[in-house]
Structures are given as structure tokens and as C-alpha cells.
Amino acid sequence: MVELFHSVCIPKDYRSLLGIKDTQIAIKKLKDYFENALAKELGLVRVSAPLFVTPESGLNDNLTGTERPVSFDVKALNGQRCEIVQSLAKWKRMALQKYGFGPGEGLYTDMNAIRRDENLDNLHSIYVDQWDWEKVIRREERTVETLKETVRAIYRVLQSTEAYIRQYFPELPVELPPEIKFITAQELEDRYPDATPKAREDLIAREWGAVFIMKIGGTLKSGQRHDGRAPDYDDWNLNGDIILWYDLLGKALEISSMGIRVDAESLRRQVKEAGCEERLALTYHQDLLAGRLPYTIGGGIGQSRLCMYFLKKAHIGEVQSSVWPDHMIKACREGEIFLL
């Protein structure tokens, strides 16, 4: 049973399975193991990544188009403004070309961001930490099967990570199902036509345990979108979210958003549908339209969310340090949830 206090879910009789010290030890073990296993499974090389970019580069991720990036002026650049990255979806593709990566080769990096417009709850923080990864593919590999094969590879890493951390902390339960299943956003709407998109995610995640919802961003038969997606990085016909059922909170937990990236044709189509064709004049978009960027697949995997899931924490603030409103801090304290 979960009770809701001012946007905070408090599981009944909640007690963390790990103390604060063991939690810190477990976070380190989890992150080290997962990123090494992911790199081995997908053939990735770790690289450094920027914390900020210039607006004119077109490299920042606009997410759904409503979030305001954190920006600041740089004295040494005569007042030039820079923006904290909201994700590295576009930068990674440019880096693969710049660093000379070929088909079958890829990179990953730690991405840290500030999303100041985030609505805060058990799963959402203004501080974002994730593994961003990107891999070069051939044009003929821009297929649904390539997408599914990659999702299955990531899921194998999730399963091995669950087994790994239980070697050190056997009190943690096994919850991942044997396999991840696939469904499109339209099939999900057809299945639950009267539910909201988020409620549909809860329903299918509860039933299947682990699901990859595909084809997110475009308009569904209802005239609504399942979820917002920027029109200039994922191909809306070749993307999706990895979602796990999180029984502790009684809701779906999105672990990763990923997809095969836009080519020139899908870029033009999607920016037109989104009403932001002016983006095509930006440097990144010009390089893509001119064929100077490789075909790629990539995504982000939430570090704090992954730790939260495997360590069975009720609030993301138990595995990362951030800021929270006073009413949330009070509700968590009363619910035996210790925010870092």
C-alpha cells in the first residue's frame, strides 16, 4: 500500500533494506559494474562530454520543447551565453563523426544536467545523472529489429546487474522478469483506450514486468501523443522507452529512453510536424542534412533510477543529493525516507 502526501508516495511501513553507509557502497558497486557491462555488451568506449554548449550550435536537447535550459554568460568570451546540457543526444552523434568511429563502434559518457522546470516527486529531481551512449550503425540497420536487438542487449545487462549486486546484498529481492516484451504506443492506446498515457504505462508494466514501448513522439489515432519527444534526434518510428514495474511504489519506472536517430528525411518530416523548421538552419542540423553525420542508435540510462530500482528505495533522493521543497522533506522524514 502506498500513501500520497503532497506529491510524495510513502510506502506503508517502509524501511530501507540498506543503511546509509551500505547504500553508498552499493551505489558505487552498481554504477561501476553496470557501465562496464554495458560497454562490453554494446562495444562502447568511454569518453568525456561537455557540461554546457552554446545555443547557436544546436547541440542542446530541447526535450519536449517547453523546458528552459539553465544558461549563463561567460566573461572570457565577451559575454557569450552558454547552456547547461539537458541531454547529449545530438552531441554524441557529432562526437562519433569527429572521433572517427565506424559501424559497430560506439561511445558512452556520464551526463549530468539540471532541469529546473521538473515537477519533483519520488522519481523526478532537478538533478539528472545518466549514462549517455551512442553507436554507429549502417543505413540498412535502421530497422525495428536492430532496435529490439539493442533493447534485449541492455536488458541482459540489467539482469546481470541484479544478480551481481545480490552477491553483496542478498537481502535485495529479484524482481526482473526473464524477458522484456515489446509494444507500440498505438497498440498500447488500442489496448487501454480510456486510460491516460501514464496510466497505460502502469497497466502494461504491472502485467509484463518489463516492457519497451515503441514509436513515441508522433500523433496517435486519438489525436494525442503518448509522450513528447524532440523532433530532431530520435526517429519517432524507431524509438522507445524501457519501463520496469516498480512494485514498491506501485507504478511504472522508466529506466531508459533510446532510439535510432533521425536521417535527413525523418528530420525534415518531424520538424515540420512539430512546427519548428527554423531549427534546420542550426549547425548540427545542417551537418545532418548534408550527410556529414553517421547513422546512429543511442540513448540515456538513468543512473539514480537504476540505483533506486535495484536497491529498492522509495525516493530518488535516497540515492542522489539534490534539493527538495520543505513539505517533501517533512513527508519523507515522517515516512522513514532518508534523503541524502
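This one's a predicted model, so the numbers in the text were calculated from it and none came from an experiment.

Draft legend 1. Up close: the side chain of T184. With respect to the element layout, T184 can be found in strand β9 (residues 181-184). With residues up to four places along the chain from it excluded, the contact list for T184 reads I213, M214 and K215.

Draft legend 2. A look at the sheet that holds strand β6 (residues 80-84). Read across the open sheet, the 3 strands follow the order β4-β6-β5; overall the sheet is antiparallel. Each of the sheet's edge strands pairs with one partner strand only, and the pair in question is β4 (52-53) and β5 (71-74).

Draft legend 3. Expanded view of the state of the cysteines. The tally for this structure, following the rule as stated, stands at 0 disulfides. Free cysteine: C9, not disulfide-bonded; nearest cysteine sulfur from C332 at 10 Å. Under the relative-accessibility criterion, C9 is labelled buried at 10%.

Draft legend 4. The arrangement of the packing of aromatic side chains in detail. Going through the model one piece at a time under the given rule, you end up with 7 aromatic pairs. Ring centres of Y33 and Y164 lie 4.3 Å apart, and the angle between their planes is 10°; this geometry places the pair in the stacked category. A residue pair is termed long-range when its members are at least 10 positions apart, and Y33 in helix α1 (residues 20-42) and Y164 in helix α3 (residues 144-168) qualify at 131 residues. When its relative accessible area of 17% is taken as the criterion, Y164 is described as buried. Taken together, a centroid distance of 5.3 Å and an interplanar angle of 75° make the contact between Y309 and F310 edge-to-face. Judged by its relative accessible area of 1%, Y309 falls in the buried class. Among the aromatic side chains, those forming a connected cluster through ring pairs are Y33, Y164 and Y168.

Draft legend 5. Seen up close, the pairing of strand β7 (residues 106-114). Examined bridge by bridge, strand β3 (residues 44-46) and β7 share 3 bridges and lie parallel to one another. Across the sheet, the residue bridging to L44 is G106, located in β7. Where β7 lies against strand β8 (residues 127-136), 9 bridges are found, and the strand directions are antiparallel. Looking at the pairing, M111 lines up with Q130 of β8.

Draft legend 6. Highlighting the sheet that holds β3. The 8 strands are arranged β3-β7-β8-β13-β12-β11-β10-β9 in an open sheet whose pairing can be described as mixed. Both edges of this open sheet fall to β3 and β9, since each of them pairs with a single strand only. In this sheet, adjacent strand axes meet at a mean angle of 25° when their direction is disregarded. Its contacts with the sheet place α1 against β3, β7, β8 and β13 (296-302), and it is angled at close to 15° to β8. Packing against the sheet, helix α2 (residues 89-98) makes contact with β7, β8, β12 (251-261) and β13, and its axis sits at approximately 35° to β8.

Draft legend 7. Summary view of the environment of L77. Within the secondary structure, L77 is located in the loop between β5 and β6. Considered as a pair, L77 and E189 are 112 residues apart in the sequence and their alpha carbons are 49 Å apart.

Draft legend 8. Expanded view of the environment of D247. Structurally, the position occupied by D247 is in the loop between β11 (234-246) and β12. Remark: the alpha-carbon pair of D247 and G209, spanning 38 residues in sequence, is separated by 9.3 Å.

Draft legend 9. Structural detail: a nonpolar patch on the surface. Nonpolar side chains collect at one region of the surface, where I20, F338 and L340 lie side by side and expose about 290 Å² of accessible area between them. Note that L340 resides in the segment after α9 (326-334).

Draft legend 10. Quick peek at the nonpolar core. Core analysis: the largest hydrophobic core is formed by 59 residues, its most contacted members being W133, F212, M258 and I301. Those residues within four positions of F212 in sequence are excluded, and the remaining contacts are L147, V151, I180, K181, F182, I183, N239, G240, D241, I242 and M258. Of all hydrophobic cores here, the second largest spans 22 residues; its members include L59, W91, A113 and L288.

Draft legend 11. Layout of helix α5 (residues 197-208). Over its 12 residues, α5 runs 16 Å from end to end, which matches the ideal 16 Å to within 8%, given 1.5 Å per residue. R200, E201, I204, A205 and W208 are the residues of α5 that are buried. Buried positions in α5, seen along its axis, are confined to an arc of 125° and lie on one side of it. Those residues of α5 that are buried are in contact with β9, α4 (185-191), β10 (210-214), β11 and β12. Phi turns positive one or two residues past the end of α5, at G209, with a value near 85°.

Draft legend 12. Inspection of the side chain of E35 at higher detail. Tracing the backbone through its elements, the reader meets E35 in helix α1. Judged by relative accessible area, E35 falls into the buried class, the value being 13%. Excluding anything up to four places from it in sequence, E35 contacts R46, Y108, D110 and W131.

Draft legend 13. Inspection of the packing of α1 against α3 at higher detail. Their axes nearest at 9 Å, the elements α1 and α3 cross at an angle of 145°. Crossing geometry of α1 relative to α3 is assigned as right-handed. Side by side, α1 and α3 meet where A26, K29, L30, Y33, F34, A37, L38, E41 and L42 of the first sit next to T150, A153, I154, R156, V157, L158, S160, T161, Y164, I165 and Y168 of the second.

Quick notes on the rules
- Residues numbered from 1 in each chain as written.
- Predicted model: local features only at pLDDT ≥ 70, side-chain atom pairs only at ≥ 80, totals over all residues.
- Heavy atoms only, no water.
- Helix = DSSP H or I, 4+ residues; strand = E, 2+ residues; numbered from the N terminus.
- Contact = heavy atoms within 4.5 Å.
- Pairing = 2+ DSSP bridges.
- Disulfide = S-S within 2.5 Å.
- Buried < 20%, exposed > 50% of the residue type's maximum accessible area, 1.4 Å probe, protein only.
- Phe/Tyr/Trp six-rings, centres within 6.5 Å; stacked < 30°, edge-to-face > 60°.
- Axes fitted to C-alpha atoms, helices over the stretch in contact; angles between N-to-C directions.
- Patch = residues over 30% accessible without salt bridge, like charges linked within 9 Å, V, L, I, M, F, W, Y side chains within 5 Å.
- Areas by Shrake-Rupley, 256 points an atom, 1.4 Å probe, with all protein chains shown as cover.
- Salt bridge = Lys/Arg side-chain N within 4 Å of Asp/Glu carboxyl O.
- Core = buried A, V, L, I, M, F, W, Y, C linked by side-chain atoms within 4.5 Å.
- Expected span 1.5 Å × (residues − 1).
- Arc of directions from axis to C-beta.
- Left-handed = near helix turned anticlockwise from the far one by under 90°.

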